[in-house]
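Each chain is listed here by its residues.
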Amino acid sequence: MGHCDGLASLILVIVLVCWHCGCLCRDASMMSMRRRIEGLTPEDIKKLSKEELEMPVTKSDFDLATKKVNKTVSAQDIEKYMKWMSELGSI
């Protein structure tokens, strides 16, 4: 594998990790709304004000999201590219 091939692969891993973090944050941010509308009918949900749905995101929300969101990069991938970084350079 050439230096550029490894760099392109590393960039891909970084992009995937960022995408995964975005999914995790998005899912965590929806947890409070899901709790608020649980058990309500569609008609009841439509009657809720915007303020009733805007609740803070908690650590518990992130913990639940972590269990729900699938990993996009394996521990082996990270180890492989960390080794590449230590041997061949940095960005």
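Just so you know, these numbers come straight off a predicted model, no measurement behind them.

Let's talk about the confidence of the model for the chain
Point 1. Taken over all residues, the pLDDT of the chain has a mean of 76, while the share at 70 or more is 69%.
Point 2. Per-element confidence in the chain ranges from a low mean pLDDT of 72 for helix α1 (residues 3-37) to a high of 93 for helix α2 (residues 42-47).

Notes on the pattern of salt bridges
Point 1. Tallied over the entire structure, the rule returns six salt bridges.
Point 2. Among the salt bridges present, the one from K50 reaches E54, with a minimum N-O distance of 3.8 Å.
Point 3. Judged by its relative accessible area of 60%, K50 falls in the exposed class.
Point 4. Between D63 and K59 there is a salt bridge, with its nearest N and O atoms 3.1 Å apart. Placement of both D63 and K59 in helix α4 (residues 59-68) is noted, with a separation of four residues, approximately one turn of the helix.
Point 5. On the basis of relative accessibility, which here comes to 62%, the residue K59 falls in the exposed class.
Point 6. Overlapping salt bridges, with partners in common, bring together D27, R34 and K68 in one network.

Analysis parameters
- Along each chain, residue indices are assigned from 1 in the same order as the chain's sequence is written.
- Where local features are concerned, this predicted model is filtered to residues with pLDDT of at least 70; where side-chain atom pairs are given and counted, the filter is 80 or more; whole-chain, interface and lining totals use all residues.
- Based on all heavy atoms of the structure, the side-chain values leave hydrogens and waters out of the count.
- Confidence of the predictor in every single residue is expressed as pLDDT, which spans 0 to 100.
- Think of it this way: any DSSP run of H or I at least four residues long counts as a helix, any run of E at least two long counts as a strand, and we number them from the N terminus.
- Within this document, salt bridges are pairs made up of a side-chain nitrogen of Lys or Arg and a carboxyl oxygen of Asp or Glu, the two lying within 4 Å of each other.
- Exposed residues in this analysis have more than 50% of their type's maximum accessible area, buried residues have under 20%, and partly exposed residues fall in between, with area computed by a 1.4 Å probe over protein chains only.

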